[in-house]
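# Structural description and commentary
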Amino acid sequence: MQFSEFLEHNIVCLDGGMGTLLQAQGLQPGEHPEYWNLSHPEVVTAIHKAYYDAGSNVVSTNTFGANALKFSADELDAIVRAAVENARAAQKASANGGETFVALDIGPTGKLLKPLGDLDFEAAVELFAQTIRLGAAYGVDLILIETMNDSYETKAALLAAKETCTLPVLVSNAYGEDGKLMTGATPAAMVAMLEGMGADAIGANCSLGPRQLRGVVGELLENASVPVLLKPNAGLPRSEQGRTVFDVSPTEFAEEVARIVAKGVRVAGGCCGTTPEYIRALTEKLAALAPVPLTEKNLTVVSSYSHAVKFGEKAVMIGERINPTGKKRFKQALVENDMDYILSEGVAQQEKGVHVLDVNVGLPEIDEVKLLRETVCELQAVCDLPLQIDTADPAAMEAALRRYNGKAMVNSVNGKAESMAAVFPLVKKYGGLVVALTLDENGIPATAEGRVAVARKILACAQSYGIAKKDLIFDPLAMTISADTSAAVTTLSALKRIQTELGCHTLLGVSNISFGLPNRDAVNGTFFALALENGLSAAIMNPFSADMMKTYYTYHALKNLDENCAAYIAAADSFAPTVVATAAPAAKTPEEYRSELQRAIVKGFQEKAGELTAGLVQTTDPMAIVADEIIPALNIVGKGFEEKTVYLPQLLMSAEAAKSAFEKIKQHLVQNGEKAVGKGKFVIATVEGDIHDIGKNIVKLLLENYGFEVIDLGKDVAPETVVAAVIEHRAPLVGLSALMTTTVPAMEETIRRLKVAAPWCKTVVGGAVLTKEYAEKIGADAYAKDAMETVRYAESVLASENHA
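Residues numbered from 1 in each chain as written. Predicted model: local features only at pLDDT ≥ 70, side-chain atom pairs only at ≥ 80, totals over all residues. Heavy atoms only, no water.

## Quick look at the side chain of Asn223
Mapped onto the elements of the fold, Asn223 is located in helix H9 (residues 214-223). Take Asn223: its relative accessible area is 7%, and that puts it in the buried class. A distance of 2.7 Å separates the side chain of Asn223 from the side chain of Lys310, its partner in a polar contact. Look past the residues within four positions of Asn223 in its chain and what remains in contact with it is Ala188, Val191, Glu195, Lys297, Leu299 and Lys310. (Helix = DSSP H or I, 4+ residues; strand = E, 2+ residues; numbered from the N terminus. Buried < 20%, exposed > 50% of the residue type's maximum accessible area, 1.4 Å probe, protein only. Polar contact = N/O pair within 3.5 Å; in protein donor to acceptor, adjacent residues only side chain to side chain. Contact = heavy atoms within 4.5 Å.)

Next up, the structure:
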């Protein structure tokens, strides 16, 4: 039986942890578990067999960290081949009488992708593809992508799998206590992206125990039409006599996971801390359960790296300002590649309350493929709204869709055969919500009936490509009433019929209705209200039009779609006398920003922050700029991060903007023979055996911005190297990071040596496998759950020393 067929009709039981079992068999701190496929195949095979014997349907190869960043091409080939052979040998030797399969295990690279990190998206795709090609060639049955804590890296891995093989792909992410990924994505956002790209199952694993993952799983089940996967840890870790143990017993684990499976989870297993004993207890519980039938959720949704936007009860506002049509200054910005101006248009519209940004950079004199891809990437670095990729060039469309972090809107397709043949394959591959224009080879039908007929044709063609109705949103085309006074009536009739007869969502470029008329905003606002009353799902609109915004908020208040009129009241003060908007007004500096420099840093405008600082140092004391402008801006973002209103990408881009400002200050000081005074030295490292340096690099960036001199020892750093650096620099602080349970012993050993050789030094630790209690057990002075906590702790240590 093929795995896909088995998944369709059965509850699938996965295996459990590997690293802690290898440690029990002698895996040393800093030793790569993947090498044991070659050096200790009998141990690896025995662990696999124990899982099969316990009832696992699927055992994952010992390849979690097998990639070209850690191993040479020959080593990688040998490791993957041996890993598959070990799993197959276990499968053959097992007494498990049920259906069994082998999955190629794919874990994260340990790096952040650009622009947040230094790994290029295409390089990440190729890294994953190298391993997946080998796994497919050596005969695995499916691919399991797991423990991903960044949506962009998740996309790279899934794209690599889809482009490399035809095997089923299960995708699982590691969610934090806040129910989001490290980079901010909600479960609903991940479902939108992964389901759109064709993942065969979507789920959650690692980080937390089954009870703590209930909310995440509930959101996955609420949004996913494909099977949902759950692989929790055995609770929370702690250290006992140098060993990592977990606080949930096999029986407790099995009972809790079984309760969640009864609510609809289709694929279940264990992660860190779980053993064959846990899986045996789980399979015994699952034997009494029947699989909950999958249901099509029929959700029309787009997503960014942080959240999903659903189309339905409330209308979605799509900001139209990133478009050169009729905008002389925007055209100039495109020609001059003035990215700051383009980004400021996006951020300004976000501040006005739009839900999605339309992105159109099409001009004859520019390279649209290059600029659209660049604009999408740059916008996503400073703004977390979903984007509508607006282009008539299929090459530009693919370039942007490939690099987009989430599920984008795609503007557009129409009823012409060549348009559908160009656009639908891209949407099928990358996912997307397609704007479908109701025109074809015969032009725009003059009647509502004609436009509905084109919509039906597009629907049928989309379905032939495997694109569901929920992933189409129809534009019945608003034509100006100055040329045809019945145009609005025709459009509204088509809109209503598409909604009621076809059951599809609709969209309009509202302002087209008033072309050629005076006081256009008045016409647009009234037409917008009529369209909303006829079922309009979304509008491409100018959020700086007072009439349009008044219509939006008053309509929702009057239709009882705005509880206590809260949104209307919040927006009412911004309603100004109607003005024909020819360009987005200059963004006002909100009260929480002292200046435009603070705003540039908070919003992550790197070039602008540097330019503003270069001007300020000519008239203002550089240290005053740091104290009064840069640090307060970082504190605004840091506070938002701690309160979960700002997510990691925004934090990092703000830090980069602050870094740009600091560089200008340093240049000025050097030119004037002065030197900046730092707060103190901080040694930082990822512990021996661990190549995951995302957390370390984030902490380093923030510490430097707060004035610390950071001595970065890199990743996979031996304990004696850390100790030597601390002694050499007489550093009062050291930060240690670890992602994997197998590398925590190396962290403990490093701390032990530091206590002996450098007793003055305070140690702060962090990483996905750690808790406050666990950190205390291994001797750390402090545990930081994120980068900002590290900064706060470092500042408190120096403050206490200064007062001593």
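## Details of helix H10 (residues 250-261)
With twelve residues, H10 should cover 16 Å at 1.5 Å per step; its first-to-last C-alpha distance of 16 Å lies within 8% of that length. Burial in H10 covers these residues: Pro250, Phe253, Ala254, Glu256, Val257, Ala258, Ile260 and Val261. For H10, the elements touching its buried residues are H9, strand E7 (228-231), strand E10 (267-268) and helix H11 (276-286). (Expected span 1.5 Å × (residues − 1).)

## Examining the packing of aromatic side chains
Counting across every chain of the model gives eight aromatic pairs. Pairing Phe6 with Phe101 gives two aromatic rings, centres 5.6 Å apart and planes at 50 degrees, and the pair type is tilted. Of the two residues, Phe6 sits in helix H1 (residues 3-9) while Phe101 sits in strand E3 (residues 101-106), which places them 95 residues apart along the sequence. Across this residue pair, the class does not change: Phe6 and Phe101 are buried. Ring plane angle 85 degrees and centroid distance 5.1 Å describe the contact between Tyr35 and Phe71, whose orientation is recorded as edge-to-face. Of this pair, Tyr35 sits in the loop between helix H2 (19-24) and helix H3 (36-39) while Phe71 sits in the loop between strand E2 (58-60) and helix H5 (73-93), and the two are 36 residues apart along the sequence. What makes Phe71 buried here is its relative accessible area of 3%. One aromatic cluster in this structure is built from Phe3, Phe6 and Phe101. Positioned above the aromatic ring of Tyr341 is the side chain of Arg329, whose terminal nitrogen or guanidinium carbon lies 4.2 Å from the ring centre. Sitting above the plane of the Trp760 ring, Arg730 keeps its charged end 3.6 Å from the centroid. (Phe/Tyr/Trp six-rings, centres within 6.5 Å; stacked < 30°, edge-to-face > 60°. Lys NZ or Arg CZ within 6 Å of the ring centre and 35° of its normal.)

## So, the pairing of strand E23 (residues 733-737)
Burial of E23 is extensive: five of the five residues sit out of reach of the surface. Here E23 shows no split at all, with Leu733, Gly735 and Ser737 on one side and Val734 and Leu736 on the other all buried. Pairing of strand E21 (residues 680-686) with E23 involves five bridges; the strand directions are parallel. Note on E23: the bridge partner recorded for Ile684 is Gly735. In this sheet, strand E24 (residues 762-766) lies alongside E23 in parallel orientation, the contact comprising five bridges. (Pairing = 2+ DSSP bridges.)

## Some words on helix H8 (residues 187-197)
Within H8, ten of the eleven residues are buried, which leaves the element mostly enclosed by the surrounding structure. Directly after H8, the chain includes Gly198, whose backbone phi takes a positive value near 95 degrees.

## Examining the confidence of the model for the chain
In this model, the chain carries a mean pLDDT of 93, and residues with pLDDT of at least 70 account for 97%. Throughout residues 577-591 the model reports pLDDT below 50, and contacts reaching past four residues in sequence, or to other chains, amount to 21 contacts. (pLDDT = per-residue confidence, 0-100.)

## Overview of the sheet that holds strand E17 (residues 433-437)
Strand order in this closed barrel of eight strands is E13-E14-E15-E16-E17-E18-E19-E20, and the pairing throughout is parallel. Each strand axis lies, on average, 30 degrees off the axis of its neighbour in the sheet, ignoring direction. As judged from the three bridges shared by strand E14 (residues 356-359) and strand E15 (residues 387-390), these two strands associate in the parallel manner. When the bridges of E15 are listed, Leu357 appears paired with Leu387. Along the sheet, helix H14 (residues 368-382) makes contact with strand E13 (316-322), E14 and E15, crossing E15 at roughly 175 degrees. (Axes fitted to C-alpha atoms, helices over the stretch in contact; angles between N-to-C directions.)

## Let's talk about the environment of Gly766
Position of Gly766 among the secondary structure elements: in strand E24. Filtering out sequence-adjacent residues up to four positions away, Gly766 remains in contact with Leu736, Ser737, Ala738, Met747 and Ala784.

## Details of the environment of Glu776
You can see Glu776 is positioned in helix H29 (residues 772-777). With a relative accessible area of 48%, Glu776 lands in the partly exposed category. When the C-alpha atoms of Glu776 and Ser239 are compared, they prove to be 9.0 Å apart, with 537 residues separating the residues in sequence.

## Looking at the side chain of Asp786
On the secondary structure map, Asp786 appears in the loop between strand E25 (782-783) and helix H30 (787-802). Here Asp786 occupies a buried position and makes no salt bridge, while the nearest side chain of opposite charge, Lys644, is found at 4.7 Å. Separated by 3.0 Å, the side chain of Asp786 and the backbone nitrogen of Glu789 make a polar contact. (Lys, Arg positive; Asp, Glu negative; His and termini not counted. Salt bridge = Lys/Arg side-chain N within 4 Å of Asp/Glu carboxyl O.)

## Details of unusual backbone geometry
Cis peptide bonds are those with omega within 30 degrees of zero, and the linkage from Lys114 to Pro115 qualifies with 5 degrees. As for its placement among the helices and strands, Pro115 is situated in the loop between E3 and helix H6 (121-137). With an omega dihedral of 20 degrees, the bond running from Asn411 to Ser412 counts as a cis peptide bond. Summarising the element assignment, Ser412 is placed in strand E16 (residues 409-414). Located in the positive-phi region is Lys644, a residue other than glycine, with phi close to 65 degrees. Residue placement: Lys644 occurs in the loop between helix H24 (622-642) and helix H25 (648-671).

## A closer look at the nonpolar core
Core analysis: the biggest nonpolar cluster contains 218 residues, and Ile132, Ile143, Ile145, Phe474, Phe528 and Ile630 have the highest contact counts within it. Filtering out sequence-adjacent residues up to four positions away, Ile143 remains in contact with Leu104, Ile106, Ile132, Cys165, Leu167, Pro168, Val169 and Leu170. Ala685, Ala725, Ala731 and Leu770 belong to the second largest nonpolar core, which has 27 residues in total. (Core = buried A, V, L, I, M, F, W, Y, C linked by side-chain atoms within 4.5 Å.)

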